[in-house]
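Geometric and topological summary
Here is how the chains run, residue by residue.
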Amino acid sequence: MNRKSNLTKPILFLCLLAAIISCKTSSRQDSQKKMAVVISTLNNPWFVVLGESAAQRARELGYEAHIFDSQNNSAKEAEHFDNIIAMGYDAILFNPTDADGSVLNVQRAKTADIPTFCMDREINSRDAAASQLLSDNFTGCVKLGEYFVKQMRQKGRYVEILGLVGDNNTWNRSNGFHSVVDEFPELVMVAQQSADFDRNKAMDVMETIMQANPEIDAVFCGNDAMALGAYQAVLAAGKANRIKVFGFDGSDDAIRAIADGKMAATVMQYPVLMARKSAELADQLIRGDANFSHKMPVEVDLVTPDNISKYLPQTTRP
Amino acid sequence: MKRKLIKRLIAVVAIPVVLFASFKIENLQVYQAQTRQTTFDADEFANRFWNEKLAESIENAPDADQLLKLLNENQEAAFRQYGKKLGISKTAYFTLKGFGIIDAVNDEFISVATIGGNTVELETAFIFGNAVRDGSGQVNIDKFVNMTDFNKVSIAVNQLVRKKVTSHLTQAAQKGQAIEFCGMAEQKEDEPFPASLRIIPVKAIISDGKTE
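Treat the numbers as computed from the prediction; the structure is a model and nothing was measured.

So, about the overall build of chain A. Broken down by element type, chain A carries 10 helices and 12 strands. Looking at the 318 residues of chain A, the share that counts as buried comes to 52%. The long-range share in chain A, meaning contacts at least 24 apart out of those at least 6 apart in sequence, stands at 73%. For chain A, the exposed area adds up to about 14300 Å²; of that, 51% sits on carbon and sulfur atoms.

The UniProt record annotates "domain: Periplasmic binding protein" (unreviewed entry) at residues 36–289 of chain A. In the segment residues 36–289 of chain A, helix accounts for 46% and strand for 19%; the C-alpha atoms at its two ends are 20 Å apart.

This next bit is on the sheet that holds strand β4 (residues 178–188) of chain B. All names here are of chain B. Strand order in the closed barrel formed by five strands is β1-β2-β3-β5-β4, with mixed pairing between adjacent strands. Along the sheet, successive strands turn relative to each other by an average axial angle of 50°, direction set aside. One ladder, built from 11 bridges, connects strand β1 (residues 91–105) with β4; its direction is antiparallel. If you follow Gly98 over to β4, its bridge partner there is Phe181. In the packing of helix α5 (residues 75–82) onto the sheet, contacts are made with β1 and β4, and the angle to β1 comes to roughly 105°.

Across the contact, 40 residues belong to chain A and 31 residues belong to chain B. Approximately 3100 Å² of surface area, both sides summed, lies buried where chain A meets chain B, with 54% of it carried by carbon and sulfur atoms. Our enumeration of links across chain A and chain B arrives at three salt bridges. Residues B:Lys188 and A:Asp301 are paired through a salt bridge, measuring 2.3 Å at the closest nitrogen-oxygen approach. Joining chain A to chain B, the criterion identifies 19 residue pairs in polar contact (both at pLDDT 80 or more). Going through the elements one at a time, β5 (131–135), α5 (137–151), α6 (168–181), α10 (271–286) and β11 (295–298) of chain A are the ones with two or more residues in the side of chain A that touches chain B. With seven residues, α5(A) is the largest single contributor of residues to the side of chain A that touches chain B.

On to the environment of B:Val105. Residue and element names in this part refer to chain B. Of note, Val105 is situated in strand β1. Relative accessible area serves as the criterion here: at 39%, Val105 is assigned to the partly exposed category. Separated by 64 residues in sequence, Val105 and Asp41 place their C-alpha atoms 35 Å apart.

Below, the discussion takes up α10(A). Residue and element names in this part refer to chain A. Over its 16 residues, α10 extends 23 Å from the first C-alpha to the last, a length consistent with the 22 Å expected when each residue adds 1.5 Å. Along α10, the positions that sit buried rather than exposed are Pro271, Leu273, Met274, Ala275, Ser278, Ala279, Leu281, Ala282 and Asp283. Here the buried face of α10 lies against β1 (34–39), α2 (45–60), β3 (91–94), β4 (116–119), β5 and β11. In the stretch just after α10, Gly288 is the one whose phi turns positive, near 100°.

Moving on, we come to the confidence of the model for chain B. Detailed conclusions should not be drawn from predicted coordinates in areas where pLDDT is low. All names here are of chain B. Chain-level pLDDT for chain B is 88 on average; 86% of the residues reach the 70-or-more range. Mean pLDDT across the elements of chain B bottoms out in helix α2 (residues 28–35) (50) and peaks in strand β2 (residues 109–114) (97). In the predicted complex, the global pTM is 0.81; the interface-specific ipTM is 0.81.

Basis of the calculations
Residues numbered from 1 in each chain as written. Chains lettered and ligands numbered in written order. Predicted model: local features only at pLDDT ≥ 70, side-chain atom pairs only at ≥ 80, totals over all residues. Heavy atoms only, no water. Helix = DSSP H or I, 4+ residues; strand = E, 2+ residues; numbered from the N terminus. Buried < 20%, exposed > 50% of the residue type's maximum accessible area, 1.4 Å probe, protein only. Contact = heavy atoms within 4.5 Å. Areas by Shrake-Rupley, 256 points an atom, 1.4 Å probe, with all protein chains shown as cover. UniProt positions renumbered as here; feature names shortened; annotations may be inferred. Pairing = 2+ DSSP bridges. Axes fitted to C-alpha atoms, helices over the stretch in contact; angles between N-to-C directions. Buried area = accessible area lost by both parts, 1.4 Å probe. Salt bridge = Lys/Arg side-chain N within 4 Å of Asp/Glu carboxyl O. Polar contact = N/O pair within 3.5 Å; in protein donor to acceptor, adjacent residues only side chain to side chain. Expected span 1.5 Å × (residues − 1). pLDDT = per-residue confidence, 0-100.

Encoded structure:
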């Protein structure tokens, strides 16, 4: 009798422990899965579209989704990753601030079993991210370069305004353009300067360059915001009829500028497609299917006055 | 007293010197641009691709007339069977080979009437983009640290096309000559199929015996 009562307490304790563990496990299984959307900056409408589209698709797929703004600050980005890892998110849809500096954050998330999907901006790593979905900037600028050469009739003096020098997209665009244009020796680049993807900076840069080089025939800019800034400078200098402006992005303003004859061409990117596909791949991986490439270029399209009607209003092709 | 003063003086001088020597101040953007330079040798990679991998793509390439017939009759099947796509894209790249007679030579291309009655244009001026790299199906994007290196392969491969194929071809090609060719072409799913397909040649043998 006495022996029986001695065993009762440990058995009851074990039952209670098992109940607590099973409760905890089932509550974890039942709780809604979460995706974090970390964006380099929400100060730029392009990235707002990217972030909100990713979050929206994640919600459509049944996830809780939260957007984190890194404010173009790598320290802030690292802080977000600390919190995301601590809070046990299931995946990260990530638009990095820096191709090299952001690798460590992605690696830390991987170590914590949280897959990261880079959107639009690349990190310099083969396998830290589960996948990287990136606009095919190089190919887009090869097409733009070919069109540029034909518009310029293979000769003339031009300016290149670069984006952020620490961003791979800047160089992939520039390299694609130069892989074509540099093969034509009568096309001479008179100046190449960065304006950090910023419209106002591009306007200042273009004004300064035009003062030093009055005979310019064209300007190629690494994004549409800079192209529109450069156009303002060109317009103010009374050279809008002479200097052809080329951009990249396919922003609504640039599409309208091409339709109005203010810009010569741009390249259309598809941020909504990129963001939605990133969320879908994250969902696919969480469900156990990792059958996709680590790097996924997303096709872009050349937009010129010849095909502008296809892009008014903005579409989400391809 | 004097010793103490000397020790303090040494400390006052030495500590800032040691601290200053411990840091190196650099412009962040310049530093980032420098560190981004990788050691990837695109020319060496392209040469290996040209000498060791390309032959397999040429060997396995479909006949130009057979592919063109399929592209005209059933584009979806042609894309599925022979097209190579990268990432999320509507553009597919094809490798194809064939025989024909040169029917025109101009500054941009050499027009060839194939034995099956089709016309193809061998590019000689606008050798750009990724048709050769991606059409070959021999270069795996996942093996590259970044897109910059991957894209450098296309630039280097296109240089080899100019050096090893088109530079000789433009000099030797004349209307009426027989030609054997192999090359890569691109076609977008939602664009109409052109009357004559543009091909970046990776191999061209013309009847005067000159082989590229």
